[in-house]
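# Residue-level structural notes
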Amino acid sequence: MLPLSLLRTAQNHPMLVELKNGETYNGHLVNCDHWMNINLREVICTSRDGDKFWRMPECYIRGSMIKYLRIPDEIIDMVKEDQVQRTRQRDSNRGGRGGSNQRGRGGHNMRGGLGNRGGKNPRNPLALKKSK
Amino acid sequence: MAAGLESYVNRVVSIITADGRNFVGTLKGFDQTINIILDDSHERVYSPTAGVEQVVLGLHIIRGDNIVVVGELDEAVDSRLDLTSLRAEPLSQIVH
């Protein structure tokens, strides 16, 4: 499992983010990107020594400033579900493509090029209809 | 071994970070920048005057920038340690 998939799954959940300078930010994750840049809402910022606090409605944190993120334990199980679902989807797609549908189409359609490869939906829906 | 961290996945690991802290938990995942998912984690706080304090933390994503050492923990050896009687200076942080 990738750390950033876990982070993406944690969207809309509360978390604690500690920065390299020791400040911590408590809030709900709104959004994150490939660089771990994150958007938090309803944030409480705590100073390095834990003696000063600031509240802010939202904030944006540059990924490279982050030391670690503490997220709720149950999030890790939600990622698993996502992954299983995606794998199942991929497998069922594969099954469909390999079936009789494709063989029926093989004749004249292959001349049209490889346009349909890999895609869930054929680019030319007519091509499918014709073969049936 | 050659697979890097792959062989540590779902094992208990001990991680030392650039600020001198020690985290112990189950390695659930990592990426090319050594960002790490640590599940069921706790921090071990060392002190020269008191036993090792274990702070329960739960699920963590530790950013790769901040990671110095990842090592597999021998749970058999670790469970024989008496952490309450262990005294140690805490590690100092890396100064750039």
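Scroll up a little and you will see the structure.
Summary of the structure given here. Remember, it's a predicted structure, so these values are computed and weren't measured experimentally.

Conventions adopted
Residues numbered from 1 in each chain as written. Chains lettered and ligands numbered in written order. Predicted model: local features only at pLDDT ≥ 70, side-chain atom pairs only at ≥ 80, totals over all residues. Heavy atoms only, no water. Salt bridge = Lys/Arg side-chain N within 4 Å of Asp/Glu carboxyl O. Buried < 20%, exposed > 50% of the residue type's maximum accessible area, 1.4 Å probe, protein only. Helix = DSSP H or I, 4+ residues; strand = E, 2+ residues; numbered from the N terminus.

This next bit is on the pattern of salt bridges. Throughout the structure, instances matching the rule amount to 10 salt bridges over all chains. As a salt-bridge pair, Arg41 of chain A and Glu42 of chain A come within 3.2 Å of each other at their nearest N and O atoms. When its relative accessible area of 29% is taken as the criterion, Arg41 of chain A is described as partly exposed. Looking at Glu42 of chain A, the relative accessible area reads 51%, which means it is exposed. A single network of salt bridges, built from pairs that share partners, joins Glu18 and Lys67 of chain A together with Asp19, Arg21 and Glu43 of chain B.

Right, let's get into unusual backbone geometry. Although it is not a glycine, Met36 of chain A sits at a positive phi angle of roughly 70 degrees. Assignment of secondary structure puts Met36 of chain A in the loop between β2 (24–32) and β3 (38–46). Note on Met36 of chain A: relative accessible area 1%, which makes it buried. The residue Ile34 of chain B is not glycine, and still its phi comes out positive at about 65 degrees. Assignment of secondary structure puts Ile34 of chain B in the loop between β2 (22–30) and β3 (36–45). A residue is classified by how much of its surface remains accessible, and Ile34 of chain B, at 35% relative accessible area, is partly exposed.

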